[in-house]
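Residue-level structure breakdown
Here's the letter readout for the chains.
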Amino acid sequence: MSDEGYEMQYVQEAFDTNWIAPLGENVNKFERELAEKVDSKDAAALSSGTAAIHLALKAADVGEGDIVFCSTLTFSATANPIIYQNAIPVFIDSDYKTWNMCPDALEEAFKKYPEVKAVILVHLYGLSADMDRIVELCKKHNVALIEDAAESLGTYYKGQHTGTFGDYGIFSFNGNKIITTSGGGMLVSNNEERISKARFWATQSRDRARHYQHSELGFNYRMSNVSAGIGRGQLKVLDQRVEKKNDIYQFYKRELSGLEGVEFMPMNEWDRPNYWLSAITLTGNVRPVDIFEALEAENIESRPVWKPMHMQPFFEKYDFVGTDISEKLFENGVCLPSDTKITDEQLNRVAEIIKGLW
């Protein structure tokens, strides 16, 4: 929570007005404030980023048997909603330039599957994908583009917020994200009619009638007024969080980049990332597991880079387009402690433990 305690003001308002459920002023204002922050026309506050992806696919008219291209280097929450819609994922490799969806692999996938219905790309660890080429390919093939910006709120590509290039963008406010509502997500789009429809689906598709009437399948996906209050307070410190994450990344880069075989996640001239996680890859004698275990011995958590979806037991039966770049990033990657509450003393401890391995 913010040092200033912004969140409690809005949470208290929810209690004082007795609006606790998934409707109320905080929900309405959080939607408007988030949409304004990222310069999108409309937003729907939902129970999770996963719910937002699910409703984005539904809004894009993805249904049974439809093919959806999806970044392979991501968390399973990106791909699971494709299965919810009984659609078929085809996983797309990364490139070293961005660690995100490779435009060349995407172009190859369009040739192989010209009937594809939608593309879900991820802005991994707060790094922007190569949006110009990806947007151009999606427009050329008249395919809906959904941006999973769960990890990239506060990231800009050529001066524009990630999550606002495609037909739909999603953000996550899970407890580990740059700002949190404890659990929650947001669906954004310039298509206000589709966002309105998403809100309808998210409230059990309850028709406008005196009695309870449902003409469509609905979902219980709306964000609570209490959670939205937390989100409104957190939004006030988003820029501070990005600045702190940048400081953490720059510290690690100063301390560790001189070590043999260490490379940092890529930075491009058109990308202003939120540095959600500081990640490195290792190509020398020191391996990721050496870092995991050395830090673990001091009760410090670090993690591997995401295991690609096409390598996961549940998803390995689906097609994959690309080479082995995402696999190499997984094999060689380390996500370093990057919490915004980390102290200088703790950062130094992490760096000294890692340097000790050399």
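Structure first, text after, so check above.
The rules behind these values
Residues numbered from 1 in each chain as written. Predicted model: local features only at pLDDT ≥ 70, side-chain atom pairs only at ≥ 80, totals over all residues. Heavy atoms only, no water. Buried < 20%, exposed > 50% of the residue type's maximum accessible area, 1.4 Å probe, protein only. Helix = DSSP H or I, 4+ residues; strand = E, 2+ residues; numbered from the N terminus. Contact = heavy atoms within 4.5 Å. Axes fitted to C-alpha atoms, helices over the stretch in contact; angles between N-to-C directions. Parallel < 35°, antiparallel > 145°, perpendicular 65-115°, else oblique. Left-handed = near helix turned anticlockwise from the far one by under 90°. Nonpolar A, V, L, I, M, F, W, Y, C, P; charged D, E, K, R; others polar. Pairing = 2+ DSSP bridges.

For helix α4 (residues 76-84), the set of buried residues is Ala77, Thr78, Ala79, Pro81 and Ile82. Tucked inside the fold, the buried residues of α4 contact α3 (49-59), β2 (67-71), β3 (88-92), β4 (118-122) and β5 (144-148). Two residues or fewer past α4, Asn86 is found with a positive phi of approximately 60°.

Okay, the packing of helix α10 (residues 288-296) against helix α12 (residues 344-356) next. Close contact between α10 and α12 brings their axes to 10 Å; oriented N to C, the two are set at 130°. Judged by the angle between their axes, α10 and α12 are oblique. Crossing of α10 against α12: the hand is right-handed. Each of Ile291, Ala294 and Leu295 in α10 lies in contact with α12, whose residues at this interface are Val350, Ile353 and Ile354. Among the residues forming the contact of α10 with α12, the class breakdown is 6 nonpolar, no polar and no charged.

Moving on to the sheet that holds strand β15 (residues 333-336). Within the open sheet, the 4 strands sit side by side as β10-β12-β15-β13. Their pairing is antiparallel. Bordering the open sheet on either side are β10 (262-264) and β13 (303-304), each of which pairs with just one other strand. In the sheet, strand β12 (residues 278-282) pairs with β15 via 4 bridges, with the strands oriented antiparallel. Bridged to Thr281 within β15 is Gly333. Along the sheet, helix α9 (residues 238-256) contacts β10, β12 and β15; its crossing angle with β10, the most-contacted strand, is approximately 155°. The sheet contacts of α10 involve β12, β13 and β15, and relative to β15 the element is tilted by about 30°.

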